[in-house]
Amino acid sequence: MSFLVEENPAKHRFEILVDDALAGFTAYVPRGEVLVFTHTEVDERFQNMGVGSALIRGTLDQIRERGDRIRVKCPFTGAFIQRHPEYADLVIPEP
């Protein structure tokens, strides 16, 4: 099984493809150089297979590469970052 995480800027989300099939996405609202993550969804066919974690990891790695920061309103993304504190530096706390 192969994973590919790509940004879809037109839809304001990062998508994960599993063996070339759209398996899920994490949506954001752009606020300058900050992306506010609002929702993550994984298709039922791909749940409990690590797809959601692969999606968030791939998304955060791309955000780090380009030097952006995030705010987290999505519970799934927040829980992932709590389990993986190496990504905590990307998070801007709520004002």
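From a predicted model like this one, the values you see are computed outputs, not experimental measurements. (Residues numbered from 1 in each chain as written. Predicted model: local features only at pLDDT ≥ 70, side-chain atom pairs only at ≥ 80, totals over all residues. Heavy atoms only, no water.)

Trainee: Just to check I follow, could you spell out helix α1 (residues 51-66) for this structure?
Mentor: One turn of the α-helix equals 3.6 residues, which is why residues spaced by three or four share an orientation. With 16 residues, α1 ought to run about 22 Å at 1.5 Å a step, and its terminal C-alpha atoms sit 23 Å apart, in line with that. Those residues of α1 hidden inside the fold are in contact with β1 (3-8), β2 (13-18), β3 (21-31), β4 (34-42), β5 (69-72) and α2 (75-83). Where α1 ends, the next residue or the one after it, glycine 67, has phi of about 80°, a positive value. (Helix = DSSP H or I, 4+ residues; strand = E, 2+ residues; numbered from the N terminus. Expected span 1.5 Å × (residues − 1). Contact = heavy atoms within 4.5 Å.)

Trainee: Would you explain a nonpolar patch on the surface in this entry?
Mentor: Taken together, Met1, Phe3 and Met49 make up a surface patch of nonpolar side chains, about 300 Å² in accessible area. Within the secondary structure layout, methionine 1 lies in the segment before β1. For methionine 1, a relative accessible area of 59% gives the class exposed. (Patch = residues over 30% accessible without salt bridge, like charges linked within 9 Å, V, L, I, M, F, W, Y side chains within 5 Å. Areas by Shrake-Rupley, 256 points an atom, 1.4 Å probe, with all protein chains shown as cover. Salt bridge = Lys/Arg side-chain N within 4 Å of Asp/Glu carboxyl O. Buried < 20%, exposed > 50% of the residue type's maximum accessible area, 1.4 Å probe, protein only.)

Trainee: What should I look at first to understand the packing of α1 against α2 in this one?
Mentor: Packed helices, taken two at a time, are described by the angle their axes make and the gap between the axes. Two elements in contact, α1 and α2, have axes whose closest approach is 10 Å; the angle formed by their N-to-C orientations is 75°. Considering their axes alone, α1 and α2 lie roughly perpendicular with respect to each other. In this structure, α1 contributes Gly52, Ser53, Ile56, Arg57 and Leu60 to the contact, and α2 contributes Phe76, Thr77, Phe80, Ile81 and Arg83. Residue composition of the contact of α1 with α2, by class: 5 nonpolar, 3 polar and 2 charged. (Axes fitted to C-alpha atoms, helices over the stretch in contact; angles between N-to-C directions. Parallel < 35°, antiparallel > 145°, perpendicular 65-115°, else oblique. Nonpolar A, V, L, I, M, F, W, Y, C, P; charged D, E, K, R; others polar.)

Structural measurements only, silent on function.
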